[in-house]
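Per-entry structural report
What follows is each chain in one-letter form.
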Amino acid sequence: MQRQQEKECFERVKKLAKDKNDTRLLSFLYKATANSESSLFPDFLFDGGFIEHFQVSAANENKKGSKHNIAVNDFERESKETFEQEKIEFLQSPPRKNPVIGTYDLKVTKHEMVCPAYNYESFVKSFKRNFEKHINSLQKYTGDKTNGIFLIELVGANITVMQNGRFLKFYRLAIDQELLTYINQYTEYLKFIIFASADSYEILELNEIPKLLYNLPHGLTFGVGRFINEKLSLF
């Protein structure tokens, strides 16, 4: 399951980078291949560096993991069980009397995931917790670290950027003063961070952080939008 998540995020970012003709990022992605030792750090290797993937969320996390991922797994399991039950009931329902040729009975059922609470504070905690975990693995890594890259995937509800109380844009790591200051401690270990969400990404070069911090816009705050996960079944 974990390897599948890594591969899907990697391929999605590669496609987005190709659409944008992001030659700097593509120069790494095209060379990278999955680590044959899937349980070891890092996830992807290329001549001159590595790419390590992990997920973060704006939902709370505990020892059992992210409440978002727990909710997704529960939803997938329950949806599958509900679908099988609905299928049995549908197949056992009596046939129509004198049906008109070429017409069909359609039944559509909808299942919606019960989502956990999301907030920016939980996102910051998730980011730092997972970042430090992978930094610890990186410090033990003896391979080539010249171009060290963390591919960080935001899952669940997206984060919104507000300026003076008005919606400005969706989240970008490059304008988050708290996390930029935090990441700046680790410039000796990493060269780039790719921050990805469902349909977008940004690439952050760590040696540019002081300049980013100096040029940050004023009056920025962060909120979290809604997350909707639904499954439709057609009988």
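These numbers come from a predicted model, not from an experiment. (Residues numbered from 1 in each chain as written. Predicted model: local features only at pLDDT ≥ 70, side-chain atom pairs only at ≥ 80, totals over all residues. Heavy atoms only, no water.)

**Things to note about the packing of aromatic side chains**
In the structure shown here, the tally under the stated rule is 23 aromatic pairs. Here the aromatic rings of Phe10 and Phe44 are separated by 4.4 Å at their centres, their planes lie at 20°, and the arrangement is stacked. Of this pair, Phe10 sits in helix H1 (residues 2-20) while Phe44 sits in strand E2 (residues 44-46), and the two are 34 residues apart along the sequence. Residue Phe44 is classed as buried on the basis of its relative accessible area of 5%. Summarising the aromatic geometry, the rings of Phe131 and Tyr182 are spaced 5.7 Å apart at their centres and angled 70° between planes, so their arrangement reads as edge-to-face. (Phe/Tyr/Trp six-rings, centres within 6.5 Å; stacked < 30°, edge-to-face > 60°. Helix = DSSP H or I, 4+ residues; strand = E, 2+ residues; numbered from the N terminus. Buried < 20%, exposed > 50% of the residue type's maximum accessible area, 1.4 Å probe, protein only.)

**A short note on unusual backbone geometry**
A cis amide bond links Phe41 with the next residue in sequence, Pro42, at an omega value of -5°. A positive phi angle is found at Asn21, which is not glycine, with a value near 55°. Tracing the backbone shows Asn21 in the loop between H1 and helix H2 (23-29). With relative accessibility at 55%, the residue Asn21 sits in the exposed group. The phi dihedral of Asn164 falls on the positive side, at around 50°, and the residue is not glycine. Its place among the elements puts Asn164 in the loop between strand E8 (159-163) and strand E9 (166-170).

**Overview of the nonpolar core**
Residues Phe123, Phe127, Phe131, Phe150 and Ile193 are the most contacted members of the largest nonpolar core, which totals 41 residues. Breaking this core down by element, the ones donating at least two residues are strand E3 (49-57), helix H3 (67-92), helix H4 (120-140), strand E7 (147-155), E8, helix H5 (177-183), strand E10 (192-196) and strand E12 (220-224). Sort the elements by how many residues they give to this core and H4 lands first, with 7 residues. Among all residues touching Phe131, those that are not within four sequence positions of it are Phe54, Phe150, Ile152, Tyr182, Ile183, Tyr186, Leu190 and Ile193. Counting 20 residues, the second-largest nonpolar core is a separate cluster that includes Ala17, Leu25, Leu26 and Ala32. (Core = buried A, V, L, I, M, F, W, Y, C linked by side-chain atoms within 4.5 Å. Contact = heavy atoms within 4.5 Å.)

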